[in-house]
Amino acid sequence: MFHGDHQFGKDLKDLFRRLNVRYLILILAICGCAAGLIYRLFMLQIVNGETYLNNFQLRIRRDVSIDGTRGNIYDRNGNILAYNELAYAVTIRDNGAGDAGLNATIEKALDIIEQNGDTVSAGSFDIALDSSGSYTFTVDGSARRRFLADVYGHASTDDLTYDEAASTADEVIYTLCKRYNIGDTITESDGSTTFVPERGYDDKTRLLQLVTIRYALSLNNYQQYLATTIATDVSDETVAAILENQDSMDGIDIEDTTVRRYVDSKYFAQILGYTGTISSEELRTYSQTDPSYTSTDTVGKSGIEKSMEGVLRGTKGSKTVYVDNLGKELETVSVTQPSAGSDVYLTIDKDLQEAAYDILERKLADIVLSKIQPIKEYTVTEDSSADEVVIPIYSVYYQMINNHILDVDHFSADGASDTEKSVLRTYTAYKQEVLNQLSDELTSGTTAYQDLSEDYQAFESCLVQLLKDAGILDMTLVDTSDNTYTAWTTDETISLQTFLRYCITRNWIRADLLGMDSEYAASDEEYQALVTKILDLCDSSSDFTAQLYHYLILNDQVTGTQICQLLIDQGVVKVGAAEAAALQDGTESSYQFMTNRISNLDLTPAQLALEPCTGSMVITDPNNGDVLALVSYPGYDNNKMANGVDAAYYEQLRSDLSNPLFNYATQQKTAPGSTFKMVSATAGLSEGVIDLNTKIYCSGVFTELGSSDQPKCWIYPAGHGSLNVSEAITNSCNVFFYNVGYRLAMENSDSYDSAAGVQKLTQYAELYGLADKTGIEIEEAQSNLSTEDAIRTAIGQGSNNITTVALARYVATVANSGTCYNLTLLDKITDSDGNLIQDNSATIRNVINMDSSYWDAIHEGMKGVVEAKTYFDELPVTVAGKTGTAQQSNAHPNHALFVCYAPYDSPRIAIATRVANGYTSDYAAQITEDVLAYYFKVKTLDEIVGTSAGMDASSITGD
């Protein structure tokens, strides 16, 4: 070897050591000699570095973390609720082939995954396709700003420009397509070429998948040794196909992994939550206390999975490996094994939780059935009352489309049924007619909104909402006090064309979203572009489609029988041949067919999404603060949210009008109604404005404030007569508690001081924990106590808004005579071998020190409430409870509430039940009684929910 060759190699070796090389660098040492050039392979070995080139194969040394297995979750009796299961995942590493090569490789892998029936899931990305096929953000507020900052490369959200912060979902997709060269080139007339982002991708689902995967790769900073998962829990067929085609898909691999499984998922999803790939914001947060988190980690996203992340998460191990230039492992040098996370045992009783959920669903269906009438519409007038609201059968038909129970896209698919084709023809003709009419109105019409027919008012309102949703009518720029804006929205005295042209003159319309420059565009030109955009939006909008079907059904152009047949054709419901034939020949009406489906729970209240369609129930042990059941209806399948979100399922949940992602037990707040009256009794007795012998006369009207303000008792025009505090609770007498509120407001003044009365009621409500969160280990909303009107606050109205779980803590405190617990869902924590790490118990928040005779009076009054309800007679124990009805408006049924505990003399269980828009508190009481019948083994679950028993209306009273 010549000296020059030797020195060259030495210098190169020093350079490698300084640069800490990650990627393949093939170096041919060129040696000169008298005979000519001789190429020799230079053998590199950097002992403590990363690069190792030998026998033409690059070997890169890496230290790789190994995730510890996540701990399991159990109920209080050891029934497993969440566990891990071995599975295969499809992963990708940057193959160094540039954007075009990488995109092509990803698409080929996606084709294989989907052809074998598996689902693509590529981490956290805050844009999805809505039911109209449009891009939409899945987060709002600070979370959206954080996402946009990541997209545009800013460390802080404060660095976002105005345009970046105002970006629409479409603009973000376009930006990323441009960044990742996802699109196609066009040839200009002069022969030059221009790259057009998104071009060639008519399938928005595929485009979104590709953008999501490229974005996930970018979060790994294109470190080739870090794999990005693009599909989890794939089938053996997908595994075989990927491996078979691996030679043509550099960077794509199959890896062993674990997936999170949830047992009986719909019952526990709101408690357990789910896991998913860590977001950039979560990574920043978790890394502050644990630097071992990486951008590919799986973390708890909600529920117990999130709150107990630090306990459930295993401790990472590590291994030292050699990998090739694509990050594929070639050799393992050493391994430090990870350790499993701890197991979490909840206070929840699995069987009780499931029974309460099923009973709630059954009874919601019974309430709906009792309110359905064979009419087209229910009209609300000024004289209407909330308890008169009924459900027209035509609303039931319509909800099959409006809540996406029927797939309208399948009407035009290959293999569509005759009924689907017939409905599609009717719809297509009507749609064209409506679009033509709207086009005429937009271009030459002058019809004021108030002069339009009801259907075209609905169409134009929908149209304007589409412009708002798309950001084209930018409401951040609109002056809502503007006279012309008011003429459109409130007075309804101008036409849509007049309104939109005015919006353009005020620069409320974003011309850039119409493909125009507002600075140079002429007003008429911009308006024509706006009209074109409007018609395009209408053509693709699922909301507009739903409006069209609403009037097609209402006008009997699409019949109830057709809707029923569509449910059969699409497999939404399954019926026997005899019933199907009866529907066809008319011997069974569409009304009877639908009510049969609801009665059999073939169609659930959640699918109908008609009031009432939701409910919640929280059951506690009043002796220790344990939560035995926390039910939110409807639930969802968190298996489809973990291990990479199923995008189609997630959008289905987001568009579901019953909002299954919302935890009604911990997040929904309504007025507590008369369930609040034990607080008022406590305040009145403790402050001395009443005592156990105080009698207050109820004539049906409260008159102490004079003729200008005379609130009535629910029993008006009758009255309750003279009542003491126990009798007032039993009869839920509003006038009695109006007087308590009034006296509290008069306690330290010669005149009525409402604020002082509210302050006193708040003081005692706080003692019951109603002003704070309850302490449960999952997300919960903060209840709000009333800040106005002492008179109405005393009966649970005013501005009181309280969660179901807060009501559960409140009634448990009443049951045990004053011990207010910070509720808990956590029973204990063990290691993976079952050894106890922590034995948890609820802590005491405070104790209400009140004379035992006062407690007795309150308990006696609550016992009287239940004694008046004969359906409780079947129970082997005495129950004490309190009903509550909270008004919303005369257009909606009242909210129904019931709180109770049992047995009366030695409470073991306390329950709070809420049915939003459930008509009457007595329905909530009936639901609760069925749960108690199950708990005390009076009836089996099948006996309670097996068939519709209807709702007992015989003992319904107001409160």
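Look above for the structure.
What comes next is a walk through the structure. Predicted, not measured: the structure shown is a model, and the values here were computed from it.

Below, the discussion takes up the side chain of Thr 168. When you line up the elements, Thr 168 lands in the loop between helix 4 (162-165) and helix 5 (169-179). If we ignore the near neighbours within four places in the chain, the residues touching Thr 168 are Phe 137, Ala 470, Arg 510 and Leu 513.

Okay, a negative patch on the surface next. A contiguous patch of negative charge, built from Glu 382, Asp 383, Asp 387 and Glu 388, is present on the exposed surface. Tracing the sequence through the fold places Glu 388 in the loop between strand 19 (372-373) and strand 20 (391-392). Looking at Glu 388, the relative accessible area reads 43%, which means it is partly exposed.

Okay, the nonpolar core next. Generally speaking, nonpolar side chains in soluble globular proteins are found buried as a group. Counting 127 residues, the largest nonpolar core has Phe 736, Leu 770 and Leu 932 as the members making the most contacts within it. Looking at this core, the element that brings in the most residues is helix 30 (residues 804-815), giving 9 residues. Filtering out sequence-adjacent residues up to four positions away, Leu 932 remains in contact with Phe 872, Leu 875, Val 879, Cys 900, Ala 902, Ile 909 and Ile 911. Within the second largest apolar cluster, 82 residues are counted, among which are Ile 372, Cys 564, Ile 598 and Leu 610.

Here we come to the sheet that holds strand 21 (residues 615-620). On the basis of which strands lie adjacent, the open sheet formed by 5 strands has the order 22-21-33-32-31 and antiparallel pairing. Across the chains shown, the open sheet's two edge strands, defined by having one partner strand only, are strand 22 (627-633) and strand 31 (880-886). The mean angle between the axes of side-by-side strands here comes to 5°, regardless of whether they run parallel or antiparallel. As defined by bridge partners, strand 32 (residues 895-902) adjoins strand 33 (residues 909-915) across 7 bridges and the pair is classed as antiparallel. Directly across from Val 899, in strand 33, lies its bridge partner Ala 912.

Another aspect to go through is the packing of helix 3 (residues 141-151) against helix 9 (residues 280-287). With their axes 9 Å apart at the nearest point, helix 3 and helix 9 run at an angle of 95° to one another. For the element pair helix 3 / helix 9, the angle class is roughly perpendicular. In this structure, helix 3 uses Ala 143, Arg 146 and Asp 150 to contact helix 9, whose residues at the interface are Ser 280, Glu 281 and Arg 284. When the residues that make up the contact of helix 3 with helix 9 are grouped by side-chain class, the tally is 1 nonpolar, 1 polar and 4 charged.

We now examine empty space enclosed by the protein. Under the defined criterion, the tally for this structure stands at 4 cavities of 30 Å³ or more. Approximately 40 Å³ is the volume found for the second largest cavity. Considering the residues around the second largest cavity, the lining is formed by Lys 266, Tyr 267, Phe 268, Ala 269, Gln 270, Ile 271, Gln 353, Tyr 357, Leu 630, Val 631, Ser 632 and Gly 635. Mapped by element, the contributors of at least two residues to the lining of the second largest cavity are helix 8 (265-272), helix 12 (350-371) and strand 22. The leading source of residues in the lining of the second largest cavity is helix 8, at 6 residues.

Parameters at a glance
Residues numbered from 1 in each chain as written. Predicted model: local features only at pLDDT ≥ 70, side-chain atom pairs only at ≥ 80, totals over all residues. Heavy atoms only, no water. Helix = DSSP H or I, 4+ residues; strand = E, 2+ residues; numbered from the N terminus. Contact = heavy atoms within 4.5 Å. Patch = residues over 30% accessible without salt bridge, like charges linked within 9 Å, V, L, I, M, F, W, Y side chains within 5 Å. Areas by Shrake-Rupley, 256 points an atom, 1.4 Å probe, with all protein chains shown as cover. Salt bridge = Lys/Arg side-chain N within 4 Å of Asp/Glu carboxyl O. Lys, Arg positive; Asp, Glu negative; His and termini not counted. Charge placed at Lys NZ, Arg CZ, Asp CG, Glu CD. Buried < 20%, exposed > 50% of the residue type's maximum accessible area, 1.4 Å probe, protein only. Core = buried A, V, L, I, M, F, W, Y, C linked by side-chain atoms within 4.5 Å. Pairing = 2+ DSSP bridges. Axes fitted to C-alpha atoms, helices over the stretch in contact; angles between N-to-C directions. Parallel < 35°, antiparallel > 145°, perpendicular 65-115°, else oblique. Nonpolar A, V, L, I, M, F, W, Y, C, P; charged D, E, K, R; others polar. 1 Å grid on protein atoms, 1.4 Å probe; cavity = no way out; pocket = protein on both sides within 12 Å on 5 of 7 lines; lining within 4 Å. Points joined across faces, edges and corners; volume = space filled by probe spheres on them.

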